[in-house]
Amino acid sequence: EAEVAQSPRYKITEKSQAVAFWCDPISGHATLYWYRQILGQGPELLVQFQDESVVDDSQLPKDRFSAERLKGVDSTLKIQPAELGDSAMYLCASSLAPQGYSPLHFGNGTRLTVT
Amino acid sequence: QKEVEQNSGPLSVPEGAIASLNCTYSDRGSQSFFWYRQYSGKSPELIMSIYSNGDKEDGRFTAQLNKASQYVSLLIRDSQPSDSATYLCAKGGAQKLVFGQGTRLTINP
């Protein structure tokens, strides 16, 4: 079964440093999402792409976070500078249909620890 | 009021019994509903999707949707220790997919 690929699995960084996460969605999935999940909470959408275009980044802290999907396939999420409160699981997901009509398929996630 | 509300638990159920997980939502325009299972330290995995009122069964899992009352539930029959996990309810439609905080389920042998 096709999977969403994410890397790295774990990342430890010091505050004020830059960090980047990579995601490759399931082939043919035009919609790609980045979620952040804090321990004990549900995933929260950071940014949604339809092909290479951003369709929702209303919850993305744009002063420190950036995301891109240049060729409409794989995507990178960057944090600069990292803060202690950014420690969380960062999940990438993809779906066949946009918005909330189609189930999401998640990657394994990146566990970020900021010290 | 949160868009999707779940009891955070923990919910403890003896092995072999029926586990019942509930979720309420605030947006009457929501059209699609999903249940995800998440083991500790892992990413969510889809176990059920439901789009119309009534019941939908898949193996030991049954999802129930009542749009008039704005709730969706998940029943797990013959609960197994491997069912111990956090269960996330999510709603979607024209708006983005929104997750509840999850219910932690423990199946006791």
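Before reading further, recall that the structure is shown in the block above.
Residues numbered from 1 in each chain as written. Chains lettered and ligands numbered in written order. Predicted model: local features only at pLDDT ≥ 70, side-chain atom pairs only at ≥ 80, totals over all residues. Heavy atoms only, no water.

> Sorry, what's going on with the sheet that holds strand 8 (residues 75-79) of chain A here?
Sheet strands pair by backbone hydrogen bonding; their relative direction is either parallel or antiparallel. Residue and element names in this part refer to chain A. With antiparallel pairing, the 4 strands of this open sheet are ordered in space as 1-3-8-7. In this open sheet, the two strands that pair with only one neighbour each are strand 1 (5-7) and strand 7 (65-68). The sheet shows a mean angle of 15° between the axes of neighbouring strands, direction not considered. Relative to strand 8, strand 3 (residues 19-24) is paired through 5 bridges, and the arrangement is antiparallel. (Pairing = 2+ DSSP bridges. Helix = DSSP H or I, 4+ residues; strand = E, 2+ residues; numbered from the N terminus. Axes fitted to C-alpha atoms, helices over the stretch in contact; angles between N-to-C directions.)

> Just checking my understanding: could you explain the sheet that holds strand 3 (residues 19-25) of chain B for this structure?
All names here are of chain B. On the basis of which strands lie adjacent, the open sheet formed by 5 strands has the order 1-3-8-7-6 and antiparallel pairing. Among the strands making up the open sheet, the edge pair consists of strand 1 (4-6) and strand 6 (54-58). Strand-to-strand twist across the sheet, computed as the mean angle between neighbouring axes with direction ignored, equals 20°. Sheet topology note: the strand 3/strand 8 (residues 71-76) ladder contains 6 bridges and is antiparallel. Looking at the pairing, S20 lines up with L75 of strand 8.

> Even after reading the chapter, I still don't get the state of the cysteines, so can you show me in this structure?
All told, the structure shown has 2 disulfides over all chains when counted by the stated rule. One disulfide bridge connects C23(A) with C92(A), the sulfur atoms lying 1.9 Å from each other. Of note, the bridge from C23(A) to C92(A) carries an S-S torsion of about -70° and is left-handed in sense. Taken together, the residues span a long stretch of sequence, with C23(A) in strand 3 and C92(A) in strand 9 (residues 88-95) at a distance of 69 residues. For C23(A), a relative accessible area of 0% translates into the label buried. Across a sulfur-sulfur distance of 2.1 Å, C23(B) and C89(B) are joined as a disulfide pair. A torsion of -70° about the S-S bond marks the disulfide between C23(B) and C89(B) as left-handed. A residue pair is termed long-range when its members are at least 10 positions apart, and C23(B) in strand 3 and C89(B) in strand 9 (residues 85-92) qualify at 66 residues. (Disulfide = S-S within 2.5 Å. Buried < 20%, exposed > 50% of the residue type's maximum accessible area, 1.4 Å probe, protein only.)

> Got a minute to help me understand the side chain of T31(A) in this structure?
Here T31(A) is to be found in strand 4 (residues 31-37). A distance of 2.7 Å separates polar atoms of two side chains, one belonging to T31(A) and the other to Q50(A). (Polar contact = N/O pair within 3.5 Å; in protein donor to acceptor, adjacent residues only side chain to side chain.)

> Sorry if this is basic, but what is going on with the interface of chain B and chain A here?
Accessible area lost upon the coming together of the parts is a frequently used measure of interface size. At the junction of the two partners, chain B supplies 21 residues and chain A supplies 21 residues. Both sides together, the interface formed by chain B and chain A hides about 1600 Å², and carbon and sulfur atoms give 54% of it. Applying the counting criterion to the chain B and chain A interface returns 3 residue pairs in polar contact (both at pLDDT 80 or more). At the level of secondary structure, the elements contributing two or more residues to the side of chain B that touches chain A comprise strand 4 (32-38) and strand 9 of chain B. With 4 residues, strand 4 of chain B is the largest single contributor of residues to the side of chain B that touches chain A. Residue composition of the side of chain B that touches chain A, by class: 9 nonpolar, 10 polar and 2 charged. (Contact = heavy atoms within 4.5 Å. Buried area = accessible area lost by both parts, 1.4 Å probe. Nonpolar A, V, L, I, M, F, W, Y, C, P; charged D, E, K, R; others polar.)

> How should the nonpolar core be read in this particular structure?
Nonpolar side chains tend toward joint burial in soluble globular proteins. Counting residues in each nonpolar core, the largest one holds 23 residues, and the members touching the most others are W35(B), V72(B), L74(B), I76(B), Y87(B) and L105(B). The greatest single-element share of this core, amounting to 4 residues, is contributed by strand 3 of chain B. Setting aside chain neighbours within four positions, we find I76(B) in contact with A17(B), I18(B), A19(B), L21(B), R60(B), F61(B), D83(B), Y87(B) and L105(B). V4(A), V19(A), F49(A) and A88(A) belong to the second largest nonpolar core, which has 20 residues in total. (Core = buried A, V, L, I, M, F, W, Y, C linked by side-chain atoms within 4.5 Å.)

> Is there a simple way to explain the side chain of S79(B) in this structure?
All names here are of chain B. Position of S79 among the secondary structure elements: in the loop between strand 8 and strand 9. Side-chain polar atoms of S79 contact the backbone oxygen of I76, separated by 3.4 Å. Sequence-distant contacts of S79, defined by excluding residues within four places in its chain, comprise V13, P14, E15, G16, A17, I18, A19, R60 and I107.

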